[in-house]
Amino acid sequence: MSNYRKLADDLMHFLDLSLPPIAISFSDRIPAGVISFAGAVPAGCVFWQLAATRTFVTATKDHELCSIGIHTHHMARPSRTYQRELKQTLKAMSGLDYVREDEVAAIPVVQREVKQVIYGPLADFPLDPEVVLLFAHAQQGLILSEAVGRVDKGTPPAMGRPACAVVPQVLNHGYAAMSLGCCGARVYLDAVSDSIAMWAFPGSKLAEYCEQIAVFARANTTLTTFHARRREDIESGQRPTVQESLGRLSS
């Protein structure tokens, strides 16, 4: 296993995150000391927020109030009411023209059947995470998009409804993705304000992303100062060259 505590600390430091990175794994084996979730949540995305402070494991029964989440996560042996709940949910969304039939087929779904999902803070996670989640505002997202572009050699997709689909998207394709959430996630998650989006990363490449996040965080800090001082000079009537503006970085 990698040093996930250091990677988590680096992400917190270079991005100045409000919530620690969240780790997710799908496993048939429950690591020693990991407790089962107790309680009820309206949607599986709520587990992301709860996982900021503790590690726990969920089974299908813990996801059953959200038929969409059971679908995207391919949860094993759902209850007998699952298909009815899913059909009613999709019918209601279709009636609002929120989701169309061809769009349902395009929603990412975990490719293997999932018996249990383990959530927890990346720093203390007992397994190699398969997906890592971050909650980031636009400035943090700028650094993340630049780092992802370098590692993945392309622009990360920006996803909408349902928010939970970002997990299978990353898991299935091995590339990072951003989720703007969905109206449900933005109601259920206190951590998701109007300015916050969610980013998901394949755990297998986390060290590569972290390395580039550090590079771009440092570069953005320096270049922000460069542009701020260049703006000051130009607004005061000067016409500095780039070299002169670079020289101002040390002043």
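To be clear, the structure that these remarks concern was listed above.
For clarity, every value in this text was computed on a predicted model and none was experimentally measured.

Draft legend 1. Region of the structure containing the nonpolar core. Counting 42 residues, the largest nonpolar core has I24, W48, Y119, F135, V166 and L189 as the members making the most contacts within it. Every element with two or more residues in this core is listed here: β1 (22-26), α2 (46-50), α3 (67-72), α4 (82-95), β4 (116-121), β5 (131-136), α7 (166-173) and β8 (197-202). Apart from residues lying up to four places away in sequence, W48 is in contact with I22, I24, Y119, L133, F135, A163, C164, V166, V167, L189 and M198. Counting residues in each nonpolar core, the second largest holds 34 residues, with V34, V57, L122 and I143 among its members.

Draft legend 2. Quick look at the pattern of salt bridges. Within this structure, the stated rule accounts for 10 salt bridges. Two residues, E235 and R231, come together in a salt bridge whose shortest N-O distance is 2.7 Å. In this pair, E235 and R231 both sit in helix α9 (residues 206-235), 4 residues apart, roughly one turn of the helix. A relative accessible area of 57% means that E235 is categorised as exposed. Classification of R231 by relative accessible area gives exposed; the value is 57%. Between E232 and R248 there is a salt bridge; the shortest N-O distance is 3.2 Å. Taken together, the residues E232 in helix α9 and R248 in the segment after α10 (242-247) connect sequence positions 16 residues apart.

Conventions and cut-offs
- Residues numbered from 1 in each chain as written.
- Predicted model: local features only at pLDDT ≥ 70, side-chain atom pairs only at ≥ 80, totals over all residues.
- Heavy atoms only, no water.
- Core = buried A, V, L, I, M, F, W, Y, C linked by side-chain atoms within 4.5 Å.
- Buried < 20%, exposed > 50% of the residue type's maximum accessible area, 1.4 Å probe, protein only.
- Helix = DSSP H or I, 4+ residues; strand = E, 2+ residues; numbered from the N terminus.
- Contact = heavy atoms within 4.5 Å.
- Salt bridge = Lys/Arg side-chain N within 4 Å of Asp/Glu carboxyl O.

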